[in-house]
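Spelled out from the first residue to the last, the chains are:
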There are 2 protein chains.
Amino acid sequence: MVKRTSLAGDACPIARALDVFGDWWSLLIIRDASLGRRRFSEFQASLGLAKNILATRLRALVERGILKTVPASDGSAYQEYVLTPKGRGIFPILVALRQWSEEFDEHPDEIATILVDRENGKPVKKLALYSRDGRVLHAADTALKPRPATKRARRVVP
Amino acid sequence: MVKRTSLAGDACPIARALDVFGDWWSLLIIRDASLGRRRFSEFQASLGLAKNILATRLRALVERGILKTVPASDGSAYQEYVLTPKGRGIFPILVALRQWSEEFDEHPDEIATILVDRENGKPVKKLALYSRDGRVLHAADTALKPRPATKRARRVVP
DNA sequence: TTGTGTGGTTGCATTATTAAACCAGATACC
DNA sequence: GGTATCTGGTTTAATAATGCAACCACACAA
């Protein structure tokens, strides 16, 4: 069996996230969903991917709890795909990706849009990582520690 | 020619970022590099991917300015791969992915590590998006605006 | 100088992606 | 009511990417 590697059982949370939506199209579907696109045909027109791939991805994202299907909002018998809370939780990742391109892309003039505060139309701040006591942390200021054991795990009587 | 779709010319900065390191292995290589792994064999042992795939990915990441090769730090004639500033800029994306898994993974007990402040060993804060004036912004509080035209573009004399 | 480790490349089998054709049910049109 | 068209897919066949194992050149160690 020479299947594509799965990262599902990995202990690294980054790998685990990639296992859920780390393929070529899933994040773009999620981006579209967070922009308000809901219908199969909307995704297909926006992304220009083959319909069978879109169908596969939508099914996987629904299975994994990122999207859910709801009855169409226009009263027709069709269904729509909307983000679950778990799916909306991906928003910071999309913002981080966007800000990386804004900072490091070689042709930033080709970027069409900027992310702004809806209240006043001003660009948002750059994401930053903070310590408990409010200092900005860079990669070198951080470390990985083993996760403390969960208290809730109840021991089975032998 | 039925090639895999490229997102390089896309106007969306998220798509542009995914075009650079959005494939199955690149982000994991970058994660490893940011943990201090530098040698081909270290990446291969850590990730367990085929050597030809690793070679292809490393070459692509070097071409795209995420990694650069340097002489081995132990004085041998081999080379090592280290992150460029552009590569280190991916750190917030890794953090966002990690935090998403910490919050939404169905088996969080399988996550082995937590990210802490090196100063005091305490867990870092959750990434949050802020407005210019310091309010926390969620997806619904934001909007996309067309990017203002760049002033620096000089007109060619006709 | 013989042996071993590093850092790949090559070849082949398997899997994933793609485009295009097809299709059933829902909707719109007359 | 009957026909045409739209929506949301599935199926098929070709091409590209991935995975594994074998191989290989060079560095290094004994």
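In this text the structure is predicted, and so the values were computed from the model without any measurement.

Visitor: How would you explain the relation of the copies chain A and chain B if you had to name every residue and give the values?
Guide: Under the fitted operation, chain A is carried onto chain B by 0.0 Å of movement along the axis and a turn of 180°, and the coordinates agree to an RMSD of 0.0 Å. This pairing of chains is accounted for by a two-fold axis. When the interface residues of chain A are mapped onto chain B, 100% of them again fall at the interface, so both copies present the same face.

Visitor: Outline the domain arrangement of chain A, listing residues and values.
Guide: Residue and element names in this part refer to chain A. What the domain assignment reports for chain A is domain 1 (13-88) and domain 2 (91-141). If you average the C-alpha positions of domain 1 and of domain 2, the two centres end up 24 Å apart. Domain 1 puts 7 residues into the contact, and the matching count from domain 2 is 5 residues. Of the roughly 350 Å² buried between domain 1 and domain 2 on both sides combined, carbon and sulfur atoms contribute 78%. Contact with domain 2 buries area across many residues of domain 1, yet Phe21, Leu27 and Arg88 alone supply 68% of it, more than any other trio. Scanning the region where domain 1 abuts domain 2 turns up 0 salt bridges. If you look at where domain 1 meets domain 2, you find 1 residue pair in polar contact (both at pLDDT 80 or more). Contributions of two or more residues to the side of domain 1 that touches domain 2 are made by α2 (26-34) and α5 (85-88). Here the element with the most residues in the side of domain 1 that touches domain 2 is α2; it accounts for 4 residues.

Visitor: Can you tell me about the interface of chain A and chain B, naming the residues and giving the values?
Guide: With 82 residues of chain A at the interface, the matching set in chain B holds 82 residues. Interface area for chain A against chain B, summed over the two sides, is near 7800 Å², with a carbon-plus-sulfur share of 65%. By the criterion of area lost to chain B, the three top residues of chain A are Trp24, Trp100 and Arg147 of chain A, representing 11% of everything that side buries. Our count for the chain A to chain B interface comes out at 8 salt bridges. Between aspartate 117 of chain B and arginine 135 of chain A there is a salt bridge, and its shortest N-O distance comes to 2.5 Å. Considering every element that reaches the side of chain A that touches chain B, the biggest residue donor is helix α6 (residues 91-104) of chain A, with 12 residues. Partitioned by chemical class, the residues of the side of chain A that touches chain B number 46 nonpolar, 13 polar and 23 charged.

The rules behind these values
- Residues numbered from 1 in each chain as written.
- Chains lettered and ligands numbered in written order.
- Predicted model: local features only at pLDDT ≥ 70, side-chain atom pairs only at ≥ 80, totals over all residues.
- Heavy atoms only, no water.
- Least-squares fit on C-alpha atoms with pLDDT ≥ 70 in both.
- Contact = heavy atoms within 4.5 Å.
- Domains from an automatic or database assignment.
- Buried area = accessible area lost by both parts, 1.4 Å probe.
- Salt bridge = Lys/Arg side-chain N within 4 Å of Asp/Glu carboxyl O.
- Polar contact = N/O pair within 3.5 Å; in protein donor to acceptor, adjacent residues only side chain to side chain.
- Helix = DSSP H or I, 4+ residues; strand = E, 2+ residues; numbered from the N terminus.
- Nonpolar A, V, L, I, M, F, W, Y, C, P; charged D, E, K, R; others polar.

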